[in-house]
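Descriptive analysis of the structure
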Amino acid sequence: TTYKPLFVIKPYRGLSTPLVFKTLAASEYSTLRRDADPRSLLKSFGDGSRAAPLTDYVNDLEPPAFECEPVLASIKDRLLDKYGFHAAMMSGSGTSLFAVATGDEVDAAAWPAAFVEECKNELDVDVDVWPTRFLGRDAGEWYAK
């Protein structure tokens with residue numbers, strides 16, 4: 001299986017999970033994808049060899065987190081608009097994001113250093129970038145002895 005390029009981006013900013021959930025509860029954000037079935041969303045990601053549809057990249061905690069820490073939205077926008085990733089989103093309620101490419105549109109060797117420098121100089125935030133990949137195994141291999 002050929003996996004799509006995947007990166008984890010960790011800004012050196014903290015974000016209070018209780019504050020994110022409090023902001024979520026006081027908003028209409030939690031209605032973003034009431035139609036989204038978690039099993040269907042997971043299935044759309046398959047084994048990581050293809051890019052899921054953009055509509056399947058959902059995280060109801062993003063809008064309240066972006067409200068609490070706006071630089072996170074700026075980081076996501078740069079990943080999508082400047083660096084050409086297929087999708088980027090927060091990984092949960094904290095400040096980590098992940099970015100998925102569909103193929104060769106992202107130079108996996110060159111962009112991290114430029115992105116780290118740009119975040120520091122233009123957004124006044126230090127970030128780390130880690131290349132990673134989807135974990136996939138053939139059917140029947142997950143629990144084989």
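Starting afresh in each chain, residues are numbered from 1 along the sequence in its written order. Local features in a predicted model are, by the rule used here, given only for residues with pLDDT of at least 70; side-chain atom pairs are given and counted only at 80 or more, and totals for whole chains, interfaces and linings are based on all residues. Only hydrogens and water are removed before side-chain values are computed, so all heavy atoms of the structure are retained for them.

The next point concerns the overall build of the protein. Under the DSSP-based scheme used, a helix requires at least four consecutive residues in state H or I and a strand at least two consecutive residues in state E, with every element numbered from the N terminus. Looking only at helices and strands, one finds five helices and four strands in the protein. Seen in sequence order, the protein has helices and strands lined up from the N terminus as β-α-α-α-α-β-β-α-β. Only protein chains enter the accessibility calculation, which uses a 1.4 Å probe. A residue is then buried if its area is under 20% of the maximum for its type, exposed if over 50%, and partly exposed in between. By the burial criterion, 37% of the 145 residues in the protein qualify as buried. Sequence separation of at least 24 residues holds for 70% of the intrachain contacts in the protein that already meet a minimum separation of 6. Calculation of accessible area relied on Shrake-Rupley with a 1.4 Å probe; when residues are assessed, cover is drawn exclusively from the protein chains displayed. Carbon and sulfur atoms make up 53% of the accessible area of the protein, which amounts to about 8,600 Å² in all. Contacts were defined at the residue level, with two residues in contact if any of their heavy atoms lie within 4.5 Å.

Turning our attention to the environment of Leu6. Structurally, the position occupied by Leu6 is in strand β1 (residues 6-11). Through-space distance from the C-alpha of Leu6 to that of Phe98 is 7.1 Å; in sequence the pair is 92 residues apart. Apart from residues no more than four positions distant in its own chain, Leu6 is found in contact with Phe98, Ala99, Val100, Trp130, Pro131, Thr132, Arg133 and Phe134.

Our focus in this paragraph is the packing of aromatic side chains. Pairs were defined over the aromatic rings of Phe, Tyr and Trp, the Trp ring being its six-membered one, requiring ring centres within 6.5 Å. Orientation was assigned from the angle between planes: stacked under 30 degrees, edge-to-face over 60, tilted for the rest. Within this structure, the stated rule accounts for six aromatic pairs. Members of the aromatic cluster, each reached through a chain of ring pairs, are Phe7, Tyr83, Phe85, Trp111 and Phe115.

What follows deals with the pairing of strand β2 (residues 87-90). Consecutive side chains of a regular strand alternate in pointing toward one face of the sheet and then the other. Side-chain alternation along β2 places Ala87 and Met89 on one buried face and Ala88 and Met90 on a second face that is also buried. Being paired, for any two strands, means DSSP has found at least two bridges between them. Both β2 and strand β3 (residues 97-100) contribute to a ladder of four bridges, which runs antiparallel. Within β3, the position partnered with Met90 by the bridge is Leu97. The antiparallel pairing of β2 with β3 creates a hairpin that spans six residues between the two strands.

On to unusual backbone geometry. Not every positive phi belongs to a glycine, and Asp124 is a case in point at roughly 55°. One can find Asp124 in the loop between α5 (111-122) and β4 (127-132).

One less than the residue count of a helix, multiplied by 1.5 Å, gives the span that helix is expected to have. The first and last C-alpha atoms of α5 sit 16 Å apart over twelve residues, in line with the 16 Å expected at 1.5 Å per residue. For α5, every residue scored as buried is listed here: Trp111, Pro112, Phe115, Glu118 and Cys119. Down the axis of α5, the sector holding all buried residues measures 130°, keeping them to one side. Among the exposed residues of α5, those oriented more than 90 degrees off its buried face are Ala113 and Asn121. Next to the buried residues of α5 lie β1, α4 (71-81) and β4. Immediately beyond the C-terminal end of α5, within one or two residues, lies Asp124, with a positive phi of roughly 55°. The reported arc concerns the directions from the helix axis to the C-beta atoms and nothing else.

Our next topic: the sheet that holds β3. Spatial strand order, β2-β3-β1-β4: four strands in an open sheet with antiparallel pairing. What marks the edges here is a single partner per strand, and that holds for β2 and β4. Shown here is a sheet whose adjacent strand axes are inclined to one another by a mean of 20°, direction ignored. In the sheet, β1 pairs with β3 via four bridges, with the strands oriented antiparallel. Lines are fitted to the C-alpha atoms to define the axes, a helix being fitted only along its stretch in contact, and any angle between axes, read from their N-to-C directions, falls within 0 to 180 degrees.

For the rest of this paragraph, the subject is the nonpolar core. Nine residue types can take part in a nonpolar core, namely buried Ala, Val, Leu, Ile, Met, Phe, Trp, Tyr and Cys, and a core is a set of them joined through side-chain atoms within 4.5 Å. The biggest cluster of nonpolar side chains holds 28 residues, and the ones touching the most others in it are Ile9, Ile75, Leu79, Phe85, Trp111 and Phe115. Of the residues forming this core, the biggest block, five residues, is contributed by α4. Sequence-distant contacts of Trp111, defined by excluding residues within four places in its chain, comprise Phe7, Ile9, Leu79, Tyr83, Phe85, Val106 and Val129. Counting six residues, the second largest nonpolar core, distinct from the first, contains Leu6, Ala87, Met89 and Phe98.

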